[in-house]
Amino acid sequence: MERIPILKMGPFLLVTIQVDLYDRLALTLENDLINMVSKTEAKGVLIDISAVSIVDSFMGRILGNIASMSKIMDAATVVVGMQPAVAITLVELGLTLAGVHTALDVEQGMELLRNKIGQLDTDEEGLYDSFI
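Remember, it's a predicted structure, so these values are computed and weren't measured experimentally.

Draft legend 1. The arrangement of the pattern of salt bridges in detail. Taken as a whole, this structure holds 3 salt bridges when the rule is applied. Where lysine 43 meets aspartate 74, a salt bridge forms, and the shortest distance between an N and an O atom there is 2.8 Å. Separated by 31 residues along the polypeptide, lysine 43 in the loop between α1 (23–40) and β3 (44–48) and aspartate 74 in the loop between α2 (57–72) and β4 (76–80) bring together distant segments of the chain. A salt bridge links glutamate 111 to arginine 114; the shortest N-O distance between them is 3.3 Å. With glutamate 111 and arginine 114 both in helix α4 (residues 106–117) and 3 residues apart, this pair spans about one turn of that helix. We classify glutamate 111 as partly exposed; its relative accessible area is 38%.

Draft legend 2. Focus on the nonpolar core. Among the nonpolar cores identified, the biggest contains 28 residues, and Val15, Ile17, Leu21, Leu33, Ile47 and Met59 are the most heavily contacted of them. The set of elements that each furnish at least two residues to this core consists of β2 (12–16), α1, β3, α2 and α3 (84–92). Judged by nonpolar contacts, the second largest core, of 9 residues, contains Phe12, Ala76, Val80 and Met110.

Draft legend 3. Spotlight on α4. Across its 12 residues, α4 extends 17 Å between first and last C-alpha, which sits within 8% of the 16 Å expected from 1.5 Å per residue. On its buried face, α4 is in contact with β1 (6–9), β2, β3, β4 and β5 (101–103). Two or three places before glutamate 107, at the opening of α4, aspartate 105 has a side-chain oxygen 3.3 Å from that residue's backbone nitrogen. In the segment just after α4, glycine 118 is the residue with positive phi, at about 75°.

Draft legend 4. Up close: unusual backbone geometry. In this structure, glutamate 41 takes a positive phi of about 55° despite not being glycine. Here glutamate 41 is to be found in the loop between α1 and β3. At aspartate 74, a position not held by glycine, the phi torsion is positive, near 70°.

Draft legend 5. Local environment of the pairing of β1. With 4 bridges connecting them, β1 and β2 associate as antiparallel partners. Within β2, the position partnered with leucine 7 by the bridge is leucine 14. Linking β1 to β2, which pair antiparallel, is a turn of 2 residues; within it glycine 10 sits at a positive phi near 65°.

Draft legend 6. View of the sheet that holds β1. Ordered in space as β1-β2-β3-β4-β5, the 5 strands form an open sheet in which the pairing is mixed. The open sheet has two edge strands, β1 and β5, and neither has a second partner. Adjacent strand axes in the sheet meet at a mean angle of 25°, parallel and antiparallel pairs treated alike. Where β4 lies against β5, 3 bridges are found, and the strand directions are parallel. Directly across from valine 78, in β5, lies its bridge partner histidine 101. Contacts from α1 reach β1, β2 and β3 within the one sheet, and its direction differs from that of β2 by about 160°.

Parameters and conventions
- Residues numbered from 1 in each chain as written.
- Predicted model: local features only at pLDDT ≥ 70, side-chain atom pairs only at ≥ 80, totals over all residues.
- Heavy atoms only, no water.
- Salt bridge = Lys/Arg side-chain N within 4 Å of Asp/Glu carboxyl O.
- Helix = DSSP H or I, 4+ residues; strand = E, 2+ residues; numbered from the N terminus.
- Buried < 20%, exposed > 50% of the residue type's maximum accessible area, 1.4 Å probe, protein only.
- Core = buried A, V, L, I, M, F, W, Y, C linked by side-chain atoms within 4.5 Å.
- Expected span 1.5 Å × (residues − 1).
- Contact = heavy atoms within 4.5 Å.
- Polar contact = N/O pair within 3.5 Å; in protein donor to acceptor, adjacent residues only side chain to side chain.
- Pairing = 2+ DSSP bridges.
- Axes fitted to C-alpha atoms, helices over the stretch in contact; angles between N-to-C directions.

What follows is the structure in structure tokens.
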């Protein structure tokens, strides 16, 4: 069975969707991701959809479900890399994706997650200051 990899990066989980999702794969991702949030006690989930060219109402609902379930488990969700055509389609379908935060790219998405959980920036100066 095909699966989408889920990577742990500190307190966050990173999912990069490289293929168009069919219904079964989307449901598997939803289940795997929520289980990983529970298992790792992640504080944030970043979903990169920059390679996704088409999103239908089912996939839109899956993204919303992931955000809702993650929030219940104390994790914020950020979707990054949304193509303009995907954004237009979601609006035309009337899917607001409540609870889903968005950013243009992975870097901005990670910064948004850090801000959401109140994590301090770990630049070199800050690391040294915390040990003095």
